[in-house]
Amino acid sequence: MTPRLAMPTANLGAMAQQGFSLIEVLVALAIVAVALAACMRATGQMADTHAQLRNRSLALVSAENVLAELRATRTYPALGSQRAPCPQGALVLVCEREVSGTANNAFRQVTVRVTEGPDGPLLAELRSLASAWP
């Protein structure tokens, strides 16, 4: 006959309680909720940053187009400033071209500023030199 192993009676109460208490589950849920809220906020900020970066990139393209047009026409720009719409797709942009003199009369400094709408924030600014010689 094989001897039976006796179960200790002192640990029966500890073995009967398995699983998590309600308080432990609620604390875990609160931690998960805070983490998910932080993730959602970060995702929203990333989307806003992406939209701003896209608008600035399109504004830079518009400013480069104004300078490229000036170079392509091979004209010596007159002093002063002028504003013109320069939309990029659905984005309404306004390009302001300012021409100023330099120490050398054969060159003029051309500054192009691009804003979002007529009174919107400045999105891009480019400077270049225009020459009197072709």
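Not measured: the values here are computed from a predicted model. (Residues numbered from 1 in each chain as written. Predicted model: local features only at pLDDT ≥ 70, side-chain atom pairs only at ≥ 80, totals over all residues. Heavy atoms only, no water.)

**Student:** Can you walk me through the overall build of the protein chain in this structure?
**Tutor:** Scanning the protein chain from terminus to terminus reveals 2 helices and 4 strands. For the protein chain, the α and β elements follow one another from N to C terminus as α-α-β-β-β-β. Within the protein chain, the fraction of its 134 residues that count as buried is 20%. (Helix = DSSP H or I, 4+ residues; strand = E, 2+ residues; numbered from the N terminus. Buried < 20%, exposed > 50% of the residue type's maximum accessible area, 1.4 Å probe, protein only.)

**Student:** What is the right way to read the sheet that holds strand E1 (residues 80-85) from this model?
**Tutor:** Paired through backbone hydrogen bonds, the strands of a sheet run either parallel or antiparallel to each other. Taking strand neighbours across the sheet as the criterion, the 4 strands line up as E1-E2-E3-E4 in an open arrangement whose pairing is antiparallel. Of all strands in the sheet, those with a lone pairing partner are E1 and strand E4 (122-131), marking the two edges. In this sheet, neighbouring strand axes are inclined to one another by 15 degrees on average, regardless of whether the strands run parallel or antiparallel. Bridge analysis of E1 against strand E2 (residues 93-101) gives 6 bridges, and the strand direction is antiparallel. Of the residues in E2, the one forming a bridge with Gly-80 is Val-99. Sheet strands touched by helix H2 (residues 22-73): E2, strand E3 (107-116) and E4. Its angle to E4, the strand with the most contacts, is close to 20 degrees. (Pairing = 2+ DSSP bridges. Axes fitted to C-alpha atoms, helices over the stretch in contact; angles between N-to-C directions. Contact = heavy atoms within 4.5 Å.)

**Student:** What is the right way to read the side chain of Arg-97 from this model?
**Tutor:** Along the chain, Arg-97 falls in strand E2. Not counting residues within four places of it along the chain, the set of residues in contact with Arg-97 comprises Val-66, Leu-70, Gly-80, Ser-81, Gln-82, Val-110, Thr-111 and Val-112.

**Student:** Please explain the pairing of E2 as it appears in this structure.
**Tutor:** On any regular strand, side chains alternate: one points to one face of the sheet, the next to the other face. Where E2 meets E3, 9 bridges bridge the pair, whose relative direction is antiparallel. Considered in E3, the bridge of Val-94 is made with Thr-115. With antiparallel pairing between neighbouring strands as the criterion, E2 and E3 make up a hairpin whose turn holds 5 residues.

**Student:** What exactly am I supposed to notice about unusual backbone geometry here?
**Tutor:** Generally, phi is negative for residues other than glycine and the peptide bonds are trans, each holding for most cases. Within the chain, Arg-74 stands out as a residue other than glycine whose phi angle is a positive 50 degrees. Within the element layout of this structure, Arg-74 appears in the loop between H2 and E1. For Arg-74, a relative accessible area of 61% puts it in the exposed group.

**Student:** Before we go on, may I ask you to explain the UniProt feature "transmembrane region" (unreviewed entry) in the protein chain in this structure?
**Tutor:** As annotated by UniProt and renumbered to match this structure, "transmembrane region" (unreviewed entry) occupies residues 20-40. Helix makes up 90% of residues 20-40 and strand 0%. Its end C-alpha atoms lie 28 Å apart. (UniProt positions renumbered as here; feature names shortened; annotations may be inferred.)

**Student:** Quick question: what am I supposed to make of H2 here?
**Tutor:** One full turn of an α-helix is made of 3.6 residues, so residues set three or four places apart face in the same direction. For H2, spanning 52 residues, the distance from its first C-alpha to its last is 77 Å, which sits close to the expected 76 Å at 1.5 Å a residue. What H2 keeps buried is the set Asn-55, Ala-59, Ser-62, Ala-63, Val-66, Leu-67 and Leu-70. Looking at the buried positions of H2, the neighbouring elements they touch are E2, E3 and E4. Where H2 ends, the next residue or the one after it, Arg-74, has phi of about 50 degrees, a positive value. (Expected span 1.5 Å × (residues − 1).)

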